[in-house]
Amino acid sequence: MIELRAFEPADAPKVTSWIDSLEALITWSGNTGFTWPFDPDQLSGFHASDPTRRVHMAVGPDGTPVGHFLLRTEPSGRSVRLGMVLVSPTVRGRGYGEAMLEAALGKAFADPAIELVNLGVYSHNAGAIRLYERLGFRRESFDPKATYVAGKWWAAVTMNLLRVAWRPRTQATTH
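Residues numbered from 1 in each chain as written. Predicted model: local features only at pLDDT ≥ 70, side-chain atom pairs only at ≥ 80, totals over all residues. Heavy atoms only, no water.

(A) Quick look at the nonpolar core. Grouped together as the largest cluster of nonpolar side chains are 33 residues, with contacts concentrated most on I2, L82 and F137. Among the elements of the structure, β3 (65-73), β4 (79-87), α4 (96-109), β5 (116-122), α5 (126-134) and β7 (152-162) are those that each provide at least two residues to this core. If you tally residues by element for this core, the top one is α4, at nine residues. One finds F7, I19, L43 and V55 within the second-largest nonpolar core, a separate group that totals 16 residues. (Core = buried A, V, L, I, M, F, W, Y, C linked by side-chain atoms within 4.5 Å. Buried < 20%, exposed > 50% of the residue type's maximum accessible area, 1.4 Å probe, protein only. Helix = DSSP H or I, 4+ residues; strand = E, 2+ residues; numbered from the N terminus.)

Structure (structure tokens):
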């Protein structure tokens, strides 16, 4: 269904086009410091600023980008942070997100030293939380005041997936 490849600066306009509001930007990127209106230069600059981020694009069978995520090995060398997960609005609800995340977990756990993948998600993003739980992630902690947006506090959940709990389901091609 999907193939993974490295993010390229030429992907930035496509990814930024999937984000249509400040709230969508923050839901996707958390407290990264992006500003609205969000533009491709911000995304390319962010990715270029830290070579420890392994940024990936998921592409569909016809080669069209359908998703974006990054993996960053934590300083301990035993865990990976999964972040900036985004699926194109044109393919949402068709299994691309799940396939992309399964492939991302395969990449993370391909390193035998990795024991855990963790992520953060805002508690109002119920669809994402359901998907992460379906993949085996468990809620680890809750921060009721993670981010202040438009006069309201957004709560966030930290979720973990232990290697021993991971059950790969599908194969995706990766480069």
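(B) Region of interest: the pattern of salt bridges. Taken as a whole and assessed by the stated rule, the structure comprises six salt bridges. For R5, the salt bridge is made with D11, and the minimal N-O distance between the two is 2.7 Å. Taking relative accessible area as the criterion, D11 reaches 5% and is therefore assigned buried. The salt bridge partner of R134 is E98, with a shortest N-O separation of 3.4 Å. On the criterion of sequence distance, the pair formed by R134 in helix α5 and E98 in helix α4 is long-range, its members being 36 residues apart. Note on E98: relative accessible area 21%, which makes it partly exposed. (Salt bridge = Lys/Arg side-chain N within 4 Å of Asp/Glu carboxyl O.)

(C) Just α5, in detail. Listed as buried for α5 are A128, I129, L131 and Y132. Burial along α5 is one-sided: seen end-on, the buried residues are contained in an arc of 160 degrees. Following α5 by one or two positions, G136 adopts a phi angle in the positive range, close to 110 degrees. (Arc of directions from axis to C-beta.)

(D) Fine view of the environment of T158. Examined against the element boundaries, T158 turns out to sit in strand β7. T158 gets classed as partly exposed once you look at its relative accessible area, which sits at 26%. For the pair T158 and D143, spaced 15 residues apart in sequence, the C-alpha separation works out to 8.2 Å. Setting aside anything within four residues of it in sequence, one finds T158 in contact with R81, L119, R138, R139, E140 and S141. (Contact = heavy atoms within 4.5 Å.)

(E) Structural detail: the pairing of β7. As paired elements, β5 and β7 share seven bridges and run antiparallel to each other. Bridging across to β7, Y122 finds its partner in A156. Across eight bridges, the pairing between strand β6 (residues 138-149) and β7 is antiparallel. From the neighbouring strand, S141 faces β7, where its bridge partner is T158. Linkage of β6 to β7, two consecutive antiparallel strands, is achieved through a turn of two residues, within which A150 is found at a positive phi near 50 degrees. (Pairing = 2+ DSSP bridges.)

(F) Structural detail: helix α3 (residues 40-48). Along α3, the positions that sit buried rather than exposed are Q42, L43, S44, F46 and H47. Looking at the buried positions of α3, the neighbouring elements they touch are α1 (12-17), α2 (22-29), β2 (53-59), β3 and β4. Where α3 begins, one side-chain oxygen reaches toward the backbone nitrogen of D41, 2.9 Å away; that side chain belongs to D39. (Polar contact = N/O pair within 3.5 Å; in protein donor to acceptor, adjacent residues only side chain to side chain.)

(G) Summary view of the environment of V149. One can find V149 in strand β6. When sequence neighbours within four positions are dropped, the list of residues in contact with V149 reads E23, I26 and W154.

(H) Quick look at the side chain of N160. Along the chain, the position of N160 falls in strand β7. Ignoring anything within four residues of it in the chain, the contact list for N160 reads L116, V117, N118, G136, F137, R138 and E140.

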